[in-house]
Amino acid sequence: MMRKRIYHRFPHREVEFEQKYRYHSDLPFFTRVMANMDGKFGMFVTESVTQRGHRIQAKREIRVDIVTNGVDFGPLNYENVDEIVETIEREGIIDFRVQLHYSYLDGKYNRVAFRGDVYLVRAILENELLVLQIHHIDGQKRTECGRVADTIIDELRRGS
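I will try to describe carefully the structure that is included in this document. (Residues numbered from 1 in each chain as written. Predicted model: local features only at pLDDT ≥ 70, side-chain atom pairs only at ≥ 80, totals over all residues. Heavy atoms only, no water.)

1. A few points about the pattern of salt bridges
As enumerated under the stated definition, the model contains 12 salt bridges in all. A salt bridge links K141 to E16; the nearest nitrogen and oxygen atoms lie 2.4 Å apart. Taken as a pair, K141 in the loop between β7 (129-138) and α3 (145-158) and E16 in the segment before β1 (17-22) lie far apart in primary sequence, 125 residues in all. Two residues, D38 and R63, come together in a salt bridge whose shortest N-O distance is 2.8 Å. Of the two residues, D38 sits in the loop between α1 (27-37) and β2 (41-47) while R63 sits in strand β3 (residues 55-67), which places them 25 residues apart along the sequence. When its relative accessible area of 16% is taken as the criterion, D38 is described as buried. Shared partners join several salt bridges into a network, and the residues in it are D38, E61 and R63. (Salt bridge = Lys/Arg side-chain N within 4 Å of Asp/Glu carboxyl O. Helix = DSSP H or I, 4+ residues; strand = E, 2+ residues; numbered from the N terminus. Buried < 20%, exposed > 50% of the residue type's maximum accessible area, 1.4 Å probe, protein only.)

2. Concerning α1
Of all 11 residues making up α1, 8 are buried, and the element is well covered by its neighbours. All buried positions along α1 are accounted for by L27, P28, F30, T31, V33, M34, A35 and M37. Tucked inside the fold, the buried residues of α1 contact β3, α2 (81-85), β5 (92-105), β6 (111-126), β7 and α3. The N-cap residue of α1 is D26: its side-chain oxygen and the backbone nitrogen of F29 are 2.9 Å apart. Looking one or two places after α1, you find G39, whose phi comes out positive at around 90°. (Contact = heavy atoms within 4.5 Å. Polar contact = N/O pair within 3.5 Å; in protein donor to acceptor, adjacent residues only side chain to side chain.)

Structure, rendered in structure tokens:
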């Protein structure tokens, strides 16, 4: 059964980031790529949590959720993607929540978590035109919305 996967609280007026891309696949493939991003991580440099003006090397880990019933999100990962993809139409609108979890190594090499960021990601696909809309909803915005989009597009190009 096909279900609409649109988040009813997605901000319509003040979308922070919007970019259009040529896209030669469908939303089920896009959803698989998003699922494969879940659990991936990378390193980046950001301002220290404890010392103002001091830069640190931090780890950024990705968690991906997909809208379930218009108001809630559920996890999207390689374990459940097959059953979710069966409910997705080839074209249309689909909403995701991307959570970035941050941590760094302290002086004793203990991993210390600190406040992450949460984004809403809307993918609109029609006639090989993919529009990504990204809105920051929680956190200190240590990662720009455009960087989130770049990560998604890089994963699509890799064919994750």
